[in-house]
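If you want the building blocks of each chain, they are given just below.
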Amino acid sequence: SGARVDAAEVWPLLNLFFDSEMHRQHPIAGSVAAMTALAEHADVVVLTNLQDHRQQTRSRQLADHGLELRVFTNQAPKGPALQAILDEFRPERAVFIDDLAQHHDSVAEIAPQVTRLHLCGEPIIAPHIACAHKAGHADARIDDWQTALPWLLERLYSDQDDKGS
């Protein structure tokens, strides 16, 4: 109908979606190829704010699209969860990609050394999402994988001091 959904109804509706329709989601254009390419250069993991009981379903969904990735679940700002992942993997460099500005803010606060890309690859939604780059919490805002992949690879191999350029 185009009517705004009341804030109190958002998570119940999203949970219904995850329970009944998540298996029907299709990858965003270019995402599978980009993740596959990134996996040739780095450990790629997924940090999602799906509830813990949906972790296996999300893993299976990604595998069905050719992405065998480790999935971490979280139900709060992503900074602390990302720090736990960093503590486990101990990477030389890390890149955080997310579609919501508040998660970039959280990561910037807890792990400022991590390169942060704000990417909302769904064209219908992207114009309505607050920009973490404009807010100073992300190093860039790129909303398509064709442009994002070269940017990400450059950051993986560039001098850490140049991450924001």
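Quick note: structure is the one above.
The structure reproduced in this document is the subject of the present report.

Definitions and cut-offs
Residues numbered from 1 in each chain as written. Predicted model: local features only at pLDDT ≥ 70, side-chain atom pairs only at ≥ 80, totals over all residues. Heavy atoms only, no water. Pairing = 2+ DSSP bridges. Helix = DSSP H or I, 4+ residues; strand = E, 2+ residues; numbered from the N terminus. Disulfide = S-S within 2.5 Å. Buried < 20%, exposed > 50% of the residue type's maximum accessible area, 1.4 Å probe, protein only. Polar contact = N/O pair within 3.5 Å; in protein donor to acceptor, adjacent residues only side chain to side chain. Contact = heavy atoms within 4.5 Å.

## A closer look at the sheet that holds strand β3 (residues 95-98)
Argument step 1. Strand order across the open sheet formed by 3 strands is β3-β4-β5, with parallel pairing between neighbours. Lying at the two open borders of the sheet, with one neighbouring strand each, are β3 and β5 (140-141).
Argument step 2. Here β3 pairs with strand β4 (residues 115-118) via 4 bridges, running parallel. Bridging from a neighbouring strand, F96 pairs with R116 of β4.

## A look at the state of the cysteines
Argument step 1. Applying the stated rule across the entire model yields 0 disulfides.
Argument step 2. Of all cysteine sulfurs in the structure, the one in C131 sits closest to C120, which takes part in no disulfide; the separation is 11 Å.
Argument step 3. Look at C120 and you get buried, because its relative accessible area is 4%.

## A look at the side chain of H104
Argument step 1. Structurally, H104 can be placed in helix α5 (residues 101-110).
Argument step 2. Reaching out from H104, the side chain makes a polar contact with the backbone oxygen of D98 at a distance of 3.0 Å.
Argument step 3. Once residues within four sequence positions are removed from consideration, H104 is found in contact with F96, D98, R116, L117, H118, A132, H137 and A138.

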